[in-house]
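Structure at a glance
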Amino acid sequence: MYKKEMRKCFRLAQKGAGKTSPNPLVGCVVLNKYGKEISNGYHHKYGENHAERDALLKLSPKQTQGGTIVVNLEPCNHYGKTPPCSDLIIEYGIKRVVIANRDPNPKAAGGIEKLKQNNIEVIEGVLEEEGKFLNRIFFKNIKEKKTYIVLKTASTLDGKIAAANGDSKWITSSNARNLARKFRQEFDSILTTAATVIADNPQMLHHKKIILDRNCKLNFSENIFNTGEKIYLVNSLKNRYSKELPDNVEITYISETGNGLNLSELFEKTYEKGIMSIFIEAGSKLNGEIIKQDLADEIIQFTAPKILNDNIGISCFNGDTANYISQTKNFKLVELKQVLPDYYARFIK
Ligand SMILES: NC(=O)c1ccc[n+]([C@@H]2O[C@H](COP(=O)([O-])OP(=O)(O)OC[C@H]3O[C@@H](n4cnc5c(N)ncnc54)[C@H](OP(=O)(O)O)[C@@H]3O)[C@@H](O)[C@H]2O)c1
């Protein structure tokens, strides 16, 4: 029951992707006492109304008496940027609340208890797994206090991201590249490396960018510095830039391990800076290291129906030596779609 309405909540919630961080994605559908949909809404942007408020304020309490609210996350019970949604639901005379997931944030929880104390029926767990997937960034942030990490690659059928000499333009079609640019905006920051910036000189449009540049190879004339409100250059204390930093550039110092910069330390720092999710677009060495250290929560792999057919071409992942297939790092396929002439697949841990 209420699965159709919950799916609609997920679709509405997704419209806020990339704009609600550090808040979750939430959609809401309001039914009158006869079960007919009379309003809907979603959390558009951080600091703006929660989904329940967005949907209910389009109506008067007279219209909603005895009605039902379907919402993918437990209504909040705290004063944050807006007052508690539980109070508004009570005020609007709603008699039933249907949710997919409880709110894991201790600050916001308690909504269900408050509703029940006010004789409102609460149905929990409708499409619970899908709800968890929709808010996978939020759930990781709250439960583990860590940044959610996504790796994006674009390769040939034989898993190559560039030819042996570094030539990589273009493996996938403009359709696929445009979709990848759209995905980028759903995450708080992108991350790349000086090696990729020097090889490809990409723009990588995003308001927040992180670039690993341990040896201070960049000189700020590269295209990536032309846009972006904040660019973090990640470095160890050993090296310094001789040039003055542009206004939008800040250095983040982290320690080094034998394999380069300490990536776990980096992702702790990004969380402290309020960066809740990162979309990595880099080459095989960084991708390989991320996989080796089990730091990727998700992989989005674009594939072109092309075969380079050369074993020394650069692979998506180059992190470790492995002698046995049992040493593979395993992921779960959750999405597979055509972006003709290419396709992409999404995997989670
Ligand atoms: N098709 C695609 O999806 C795609 C996307 C991006 C790039 N590319 C291609 O990939 C190629 C570049 O790949 P790449 O493997 O040479 O470079 P990469 O993986 O982008 O970057 C590797 C560099 O990152 C730095 N780094 C710092 N800390 C690290 C750590 N902990 N682990 C790993 N690296 C760390 C290293 O610099 P230091 O040595 O200074 O420490 C290293 O040289 C280019 O040809 C580019 O065209 C393809």
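Since this is a predicted model, take the numbers as computed values, not measurements.

Criteria and cut-off values
- Residues numbered from 1 in each chain as written.
- Predicted model: local features only at pLDDT ≥ 70, side-chain atom pairs only at ≥ 80, totals over all residues.
- Helix = DSSP H or I, 4+ residues; strand = E, 2+ residues; numbered from the N terminus.
- Buried ≥ 20, exposed ≤ 12 C-beta atoms within 10 Å, placed from the backbone.
- Contact = placed C-beta atoms within 7 Å.
- Domains from an automatic or database assignment.
- Nonpolar A, V, L, I, M, F, W, Y, C, P; charged D, E, K, R; others polar.
- Core = buried A, V, L, I, M, F, W, Y, C linked by C-beta atoms within 7 Å.
- Pairing = 2+ DSSP bridges.
- Axes fitted to C-alpha atoms, helices over the stretch in contact; angles between N-to-C directions.
- Near = placed C-beta within 6 Å.

A separate point is the overall build of the chain. Looking only at helices and strands, the chain features eleven helices and 18 strands. With the principal axes as the frame, the chain shows a C-alpha extent of 70 × 45 × 35 Å. Taken over 349 residues, the chain has a buried fraction of 40%. Considering only residue pairs separated by 6 or more positions, the chain has 65% of its internal contacts joining residues 24 or more positions apart.

Next up on the list: the domain arrangement of the chain. By a widely used convention, the size of an interface equals the accessible area lost when the partners come together. For the chain, the domain assignment lists domain 1 (3-133) and domain 2 (146-348). Computed from C-alpha atoms alone, the centre-to-centre distance between domain 1 and domain 2 is 36 Å. Opposite the five residues of domain 1 that make contact, domain 2 presents eight residues. Residues belonging to the side of domain 1 that touches domain 2 are distributed by class as follows: three nonpolar, two polar and no charged.

Turning next to the nonpolar core. With 46 residues, the main nonpolar core has I149, V150, I211, V234, I278, I280 and I290 as its most contacted residues. In terms of residue count, strand β6 (residues 148-155) provides more of this core than any other element does, five residues in total. Among all residues touching I211, those that are not within four sequence positions of it are T192, T193, A194, V197, L218, I224, I231, L233 and V234. Residues C28, L73, A100 and L127 belong to the second largest nonpolar core, which totals 35 residues.

Another aspect to go through is the sheet that holds strand β10 (residues 230-235). With mixed pairing, nine strands are arranged side by side in an open sheet as β11-β10-β9-β8-β14-β6-β15-β18-β17. The sheet is open, and its two edges are formed by β11 (249-253) and β17 (332-339), each paired on a single side. The sheet shows a mean angle of 20 degrees between the axes of neighbouring strands, taken without regard to direction. In the sheet, β10 pairs with β11 via five bridges, with the strands oriented parallel.

What follows deals with the environment of S173. Tracing the backbone through its elements, the reader meets S173 in the loop between β7 (160-162) and α8 (174-184). In this structure S173 comes out as partly exposed when scored by C-beta crowding, with 16 C-beta atoms within 10 Å. Separated by 50 residues in the primary sequence, S173 and I123 have C-alpha atoms spaced 45 Å apart.

Residues of strand β14 (residues 277-280) alternate between two faces, with S277 and F279 on one and I278 and I280 on the opposite face, all of them buried. Across four bridges, the pairing between β6 and β14 is parallel. The residue of β14 that forms the bridge with I149 is I278. Across three bridges, the pairing between strand β8 (residues 189-193) and β14 is parallel.

The next thing to look at is the pairing of β17. Along β17, only zero of the eight residues are buried, which leaves the element largely exposed. Note: β17 against strand β18 (residues 342-348), seven bridges, orientation antiparallel. What sits directly across from Q338, in β18, is Y343. Adjacent in sequence and paired antiparallel, β17 and β18 are bridged by two residues.

Among the structural elements, M204 can be located in the loop between α9 (194-200) and β9 (208-212). Judged by the 22 C-beta atoms lying within 10 Å of it, M204 is buried. The spatial distance from the C-alpha of M204 to the C-alpha of A164 is 23 Å, given a sequence separation of 40 residues. Other than its neighbours up to four places away in sequence, M204 contacts I190, T192, K209, I224 and E281.

All right, on to unusual backbone geometry then. The linkage connecting S21 with the following residue, P22, adopts the cis geometry, with an omega of 5 degrees. Looking at the secondary structure, you find P22 in the loop between α1 (3-14) and β1 (27-31). Put simply, K169 and W170 share a cis peptide bond, and its omega is -20 degrees. Tracing the backbone through its elements, the reader meets W170 in the loop between β7 and α8. Notably, K145 is not glycine yet its phi reads approximately 55 degrees, a positive angle. Of note in this structure, D294 is not a glycine but carries a positive phi near 55 degrees.

A word on the site of the ligand. The ligand sits among 27 residues. The nearest are T193, A195, G260, G283 and E289. Breaking the shell around the ligand down by element, the ones donating at least two residues are β6, β7, α9, β13 (260-261) and α11 (284-292). A breakdown of the residues in the shell around the ligand according to their chemical character gives twelve nonpolar, ten polar and five charged.

Below, the discussion takes up the sheet that holds strand β2 (residues 37-42). The sheet built from five strands is open, its strands ordered β2-β1-β3-β4-β5 with mixed pairing. What marks the edges here is a single partner per strand, and that holds for β2 and β5 (121-123). The sheet shows a mean angle of 15 degrees between the axes of neighbouring strands, direction not considered. Pairing of strand β4 (residues 96-101) with β5 involves three bridges; the strand directions are parallel.

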